[in-house]
Amino acid sequence: MTTTSNPAPPTTTSTLTLTGVSRWYGNVVAVNDVSMSLGPGVTGLLGPNGAGKTTLLHMMAGFLAPSRGQVTLDGRPTWRNPAVYRQLGLVSEREAVHSFLTAYEYVLATAKLHKLPDPQAAARRAIAMVEMESAQDRRIGTYSKGMRQRARVAAALVHEPQVLLLDEPFNGMDPRQRLHMMELLHSLGDAGRTILFSSHILEEVEQVSGTVQVMVAGRLAASGDFRTIRRLMTNRPHVFAVRSTDDRALAVALMAEPSVSGVELGRDGLTVRAGDYGAFTRVLPKVALARGIRVRQLLPEDESLESVFSYLVEA
Ligand SMILES: Nc1ncnc2c1ncn2[C@@H]1O[C@H](COP(=O)(O)OP(=O)(O)OP(=O)(O)O)[C@@H](O)[C@H]1O
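Residues numbered from 1 in each chain as written. Predicted model: local features only at pLDDT ≥ 70, side-chain atom pairs only at ≥ 80, totals over all residues.

An unreviewed UniProt entry lists the protein under the name ABC transporter ATP-binding protein, with Micromonospora zingiberis as the source organism. Quoted verbatim from the Sequence similarities (unreviewed entry) heading of the UniProt record, the comment on the protein is "Belongs to the ABC transporter superfamily." (UniProt positions renumbered as here; feature names shortened; annotations may be inferred.)

This is the structure we're talking about:
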């Protein structure tokens, strides 16, 4: 396994602050009254597709104006503020990279765009940070998805920003590439940079970051320590659809069980609410067996990521 070289720590640290930020596109409210503060280290921005993560990152980076509210970096607005762009790097999800360029040429071109005093040295330094030295003179078209992503991270780091924003950086990567990218983000965070990456995958965020901001339908649903938020997600009531050979008798029996908080008898079977997922799935077969009832179907009704997130919003 490769290890990531420790990048030089930035001389100062930066805090990105959002105050009552909203953004709408016509009638669509993509981001709704979000306030947060991000400091040094790695933070995950978690939310299902369409939650508003990309819109939020683009406003943070100063590429998009908030419809309401303000984004500031160390007290200065990011929108239309070139001085702030020098402190920020964005690795966007959709941006294409010319496949005929080598990584070195691509990162060098970015260094020149930033008008850096020694663009060659800056490009070499950024490429070393993502450990792409051995492939830097190959055309990007020949790279794997993980290598392409690292080349883009190098371009975003070439001007040594204190803040790095990444939109779904792990998308399409295999486990090894993922691990390498995670190590890179950790080392950048440990060096004092403010790193925010978006993801719609719970486990991904869990592995990279202890601190998380959760977005659902444009709103900030939860914020803080990942383990606390995860507990909120798993300790919620679960809803099951149950069918059996005698739904009525099973309903009566289940109502007496402490793990069951509600039972509804419908035409297509039972809807059961249980506070503890594991306890209910263990007790159901025992209860049915004791009464000579056969369970034909047991389906969790609300296990989609979407519903886990919506539960957080309601909590
Ligand atoms: N340029 C646009 N014009 C109109 N609607 C938009 C535009 N960009 C985003 N939206 C809408 O705003 C909402 C939030 O989109 P956004 O891309 O920010 O979410 P996301 O969490 O990044 O999702 P994804 O991971 O799918 O990109 C969605 O309903 C989307 O359809």
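Participant: Help me get a handle on the domain arrangement of the protein, residues and values and all.
Facilitator: Each domain of the protein was delimited in the assignment, giving domain 1 (16–231) and domain 2 (235–314). If you average the C-alpha positions of domain 1 and of domain 2, the two centres end up 42 Å apart. (Domains from an automatic or database assignment.)

Participant: So, the pairing of strand E3 (residues 41–46): which residues are in play, and what are the values?
Facilitator: Counting buried positions along E3 gives five out of six residues, so the element sits mostly inside the fold. Pairing of E3 with strand E8 (residues 194–199), which is carried by six bridges, proceeds in the parallel orientation. Bridging across to E8, Val42 finds its partner in Ile195. Pairing geometry for E3 and strand E9 (residues 211–216), over four bridges, is parallel. Across the sheet, residue Leu45 finds its bridge partner in E9, namely Gln213. (Buried ≥ 20, exposed ≤ 12 C-beta atoms within 10 Å, placed from the backbone. Helix = DSSP H or I, 4+ residues; strand = E, 2+ residues; numbered from the N terminus. Pairing = 2+ DSSP bridges.)

Participant: Before we move on, could you go through the packing of helix H3 (residues 103–113) against helix H5 (residues 145–157) and cite the residues and values that matter?
Facilitator: The geometry of H3 relative to H5 is characterised by a closest axis approach of 8 Å and an angle of 25° between their N-to-C directions. Taken together, the axes of H3 and H5 are roughly parallel relative to one another. The handedness of the crossing between H3 and H5 comes out as right-handed. Contacts between H3 and H5 pair Ala103, Tyr106, Val107 and Thr110 from the former with Ala151, Ala154 and Ala155 from the latter. (Axes fitted to C-alpha atoms, helices over the stretch in contact; angles between N-to-C directions. Parallel < 35°, antiparallel > 145°, perpendicular 65-115°, else oblique. Left-handed = near helix turned anticlockwise from the far one by under 90°. Contact = placed C-beta atoms within 7 Å.)

Participant: Give me the pairing of strand E2 (residues 28–38): which residues, what numbers.
Facilitator: Inspection of the sheet shows strand E1 (residues 16–25) paired to E2 by seven bridges, in the antiparallel sense. The residue bridging Thr17 from the neighbouring strand is Ser37, located in E2. Turn length for the E1-E2 hairpin, with the two strands adjacent in sequence and antiparallel, is two residues, and the turn residue Gly26 shows positive phi of about 60°.

Participant: Could you give me a rundown of H3, with the residues and numbers involved?
Facilitator: Burial in H3 covers these residues: Ala103, Tyr104, Tyr106, Val107, Leu108, Thr110 and Ala111. Residues of H3 that are buried in the fold lie against helix H4 (119–129) and H5. Once H3 finishes, Lys115 follows within two positions and takes phi at roughly 55°, a positive value.

Participant: Run through the nonpolar core, naming residues and quoting values.
Facilitator: Judged by nonpolar contacts, the single largest core of 66 residues is most densely connected at Val107, Ala154 and Leu165. Excluding residues within four positions of it along the chain, Leu165 makes contact with Leu57, Met60, Ala61, Leu88, Leu90 and Leu196. Counting eleven residues, the second-largest nonpolar core is a separate cluster that includes Val242, Leu254, Leu270 and Phe280. (Core = buried A, V, L, I, M, F, W, Y, C linked by C-beta atoms within 7 Å.)

Participant: Explain the sheet that holds strand E10 (residues 219–225) to me, using residue names and the numbers behind them.
Facilitator: Paired through their backbone hydrogen bonds, the strands of a sheet run either parallel or antiparallel. Taken in spatial order, the six strands make up an open sheet running E6-E7-E8-E3-E9-E10, and their pairing is mixed. In this open sheet, the two edge strands, each paired with only one partner strand, are strand E6 (88–91) and E10. Each strand axis lies, on average, 15° off the axis of its neighbour in the sheet, ignoring direction.

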